[in-house]
Amino acid sequence: MKNIIPHLWFDKEAKEAAEFYVSVFGGNSKVGTISTLGDTPSGDTDIVPFTLWGFDFLSISAGPYFKPTPAISFMVNFDPSQDPDAAKKIDKIWAKLSEGGNVMMELQEYPFSKRYGWCADKYGFTWQLILTDPKGEERPRIIPSFLFINEKCGKAEEALNFYLSVFKESKLGMIAKYEETSPAGNKGNVMFADFKLLDTWFAAMDGAGKHSFDFNEAVSFIVNCDTQEEIDYYWEKLSAVPESEQCGWLKDKYGVSWQIVPTAMATMMGSGDKEKIARVTQAFLKMKKFDIATLEKAFEGK
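To keep things clear, this report deals only with the structure shown in the data block. (Residues numbered from 1 in each chain as written. Predicted model: local features only at pLDDT ≥ 70, side-chain atom pairs only at ≥ 80, totals over all residues. Heavy atoms only, no water.)

### Quick word on the overall build of the chain
Applied cut-off: Helix numbers and strand numbers start at the N terminus; a helix is a DSSP run of H or I with at least 4 residues, a strand a run of E with at least 2. Atoms counted for the radius of gyration: C-alpha only. Globule rule: 2.2 Å times the number of residues to the power 0.38. Only protein chains enter the accessibility calculation, which uses a 1.4 Å probe; a residue whose area is less than 20% of its type maximum is buried, one above 50% is exposed, and one in between is partly exposed. Contact between two residues is taken to exist if any of their heavy atoms lie within 4.5 Å; hydrogens are not considered. A 1.4 Å probe and the Shrake-Rupley method give the accessible areas. Residues count as covered only by the protein chains that appear here. All tallies of charge rest on Lys and Arg as positive and Asp and Glu as negative; His and the ends of each chain are not included. Lysine's charge is taken at NZ, arginine's at CZ, aspartate's at CG and glutamate's at CD.
Helix and strand counts for the chain stand at seven helices and 16 strands. Relative to a compact globule of 302 residues, whose C-alpha radius of gyration would be 19 Å, the chain shows 19 Å and is just as compact. Relative to its full complement of 302 residues, the chain shows a buried share of 50%. For the chain, contacts bridging at least 24 residues in sequence account for 63% of all contacts bridging at least 6. Here the chain has roughly 14,500 Å² of accessible surface; of this, 51% comes from carbon and sulfur atoms. The average position of the 34 basic charges and that of the 43 acidic charges among the side chains of the chain differ by 1 Å.

Structural data, given as structure tokens:
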């Protein structure tokens, strides 16, 4: 499997937040091996991997530079056909996630679901909890979701088609559009769509009205690449904001942040050898697009 991994940016709370999320979701959830990068522009930074219901995340404590917004949220599917206790679990998890946060749509019945709610947790990251219709096609339990708003409203379909063209292993799932213009959306805009890139499902929606937020680096997406050719390919296809290119990070033409990373990086940074990790860290801090050969030489001390 080749998953695209969401990356969450925290000031200092990455470890605390990961433990919180694992306690909320339970089941097949865990915090992975935490590593610390030293002598970065943000000082010592904790890198914290964690898994929620089998879905992988990576988080970092790297200073108060980016705050999460509802432009990227995480849909959590509670499917009665997969879990007989889905209706009970959605209420339980909602209570924990919304506590100390902000409710944007109350957990209740809507035309599209018997039980749905949208909230920001106490760290600012947003979640859409939905009781899924078991008659529909099965989807993963957690799906990152894009909200296209303000001047980008109406571009959800264009964006998902762009992503489908970039990622060769991809497919479109469902797409539902507004049939008439209303406060919720304009006629022809995307009410909801989902699509698969590599082995990861995403969702996209157009959002009407004026909003004070947008995509930013608080949530980015890691694409692991086995070869330099892959890194070069995704960099060329996705990068549209030269000033945002740094340490393997880029922004696409819609403002979504991606990290194009060598698969070998996980082995290097997980080696446990502090001197090797320090050399690799200092090497990649000087890079925009990652160069695998240079990173391997740094790891080996050549």
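### A look at the environment of Val-48
Within the element layout of this structure, Val-48 appears in strand S4 (residues 43-52). For the pair formed by Val-48 and Leu-295, sequence separation is 247 residues and the distance between their alpha carbons is 21 Å. Beyond its immediate chain neighbours, meaning those up to four positions away, Val-48 contacts Ala-14, Lys-15, Ala-18, Val-31, Ile-34, Phe-57, Leu-58 and Ser-59.

### Focus: the pairing of strand S13 (residues 200-206)
Test applied: Pairing between two strands requires that DSSP report at least two bridges joining them.
Across the seven residues that make up S13, a large majority, seven, are buried. Burial along S13 is two-sided: the residues Thr-200, Phe-202, Ala-204 and Asp-206 and Trp-201, Ala-203 and Met-205 are all buried. For strand S10 (residues 142-148) and S13, the ladder comprises four bridges, and the chain directions are parallel. Within the sheet, the bridge partner assigned to Ser-145 lies in S13 and is Ala-203. Relative to S13, strand S12 (residues 190-197) is paired through five bridges, and the arrangement is antiparallel. Pairing of Phe-195 across the sheet is with Phe-202, part of S13.

### As for the sheet that holds S13
Quick note on the threshold: Under this scheme, a helix contributes an axis fitted over its contacting stretch, all axes are lines through C-alpha atoms, and angles between N-to-C directions fall in the 0 to 180 degree range.
A sheet is described by the order of its strands in space; here eight strands give the open sequence S7-S8-S9-S6-S10-S13-S12-S11, paired in mixed fashion. Whereas interior strands pair on both sides, the edge strands pair on one side only; in this sheet they are strand S7 (102-110) and strand S11 (170-177). Each neighbouring strand pair of the sheet contributes to a mean axis angle of 20°, computed without reference to strand direction. By the bridge criterion, five bridges tie strand S8 (residues 113-120) to strand S9 (residues 126-131) in an arrangement that is antiparallel.

### Remarks on the packing of aromatic side chains
Test applied: Note on ring pairs: Phe, Tyr and Trp rings are taken, using the six-membered ring of Trp, and paired if centres are within 6.5 Å. Classes follow the plane angle, with under 30 degrees stacked, over 60 edge-to-face and the rest tilted. The rule is short: NZ of Lys or CZ of Arg within 6 Å of the ring centre and within 35 degrees of the ring normal puts a charge over the ring.
In the structure shown here, the tally under the stated rule is 39 aromatic pairs. Taking 5.0 Å as the distance between ring centres and 50° as the angle between the ring planes, the aromatic pair formed by Phe-10 and Phe-125 counts as tilted. With Phe-10 in strand S1 (residues 5-10) and Phe-125 in the loop between S8 and S9, the pair connects residues that are 115 residues apart, well separated along the chain. Look at Phe-10 and you get buried, because its relative accessible area is 3%. Cation over ring: Lys-122 sits above Phe-20, and NZ or CZ is 4.3 Å from the ring centre.

### Brief notes about helix H4 (residues 228-238)
Cut-off, in case you're wondering: Here the arc refers to the set of directions running from the helix axis out to each C-beta atom.
Of all the positions in H4, only Glu-230, Ile-231, Tyr-234, Trp-235 and Leu-238 are classed as buried. Projected onto a plane normal to the axis of H4, the buried residues spread over an arc of 130° and lie on a single side. Seen from the buried face of H4, the exposed residues on the opposite side, beyond 90 degrees, are Glu-229 and Glu-236. Each element contacted by the buried residues of H4 is listed here: helix H3 (156-166), strand S14 (219-225), strand S15 (249-251), strand S16 (257-262) and helix H7 (292-300).

### Things to note about the packing of H3 against H4
Heads up, the condition is: Every angle not falling under 35 degrees, over 145, or within 65 to 115 is termed oblique; those three ranges are roughly parallel, roughly antiparallel and roughly perpendicular. By the definition used in this description, the sense in which the near helix is turned from the far one sets the handedness, with an anticlockwise turn below a right angle giving left-handed and a clockwise turn giving right-handed. Residue classes follow a fixed rule: Ala, Val, Leu, Ile, Met, Phe, Trp, Tyr, Cys and Pro count as nonpolar, while Asp, Glu, Lys and Arg count as charged, and any other residue, Gly among them, counts as polar.
Orientation of H3 relative to H4, taken along the N-to-C sense of each, is 160°, at an axis distance of 11 Å. Taken together, H3 and H4 sit at an angle that is classed as roughly antiparallel. Remark: the crossing between H3 and H4 carries right-handed chirality. When H3 is examined against H4, the residues Phe-162, Ser-165 and Val-166 are found in contact with a partner set consisting of Tyr-233, Tyr-234, Lys-237 and Leu-238. Along the lines of polarity and charge, the residues of the contact of H3 with H4 split into five nonpolar, one polar and one charged.

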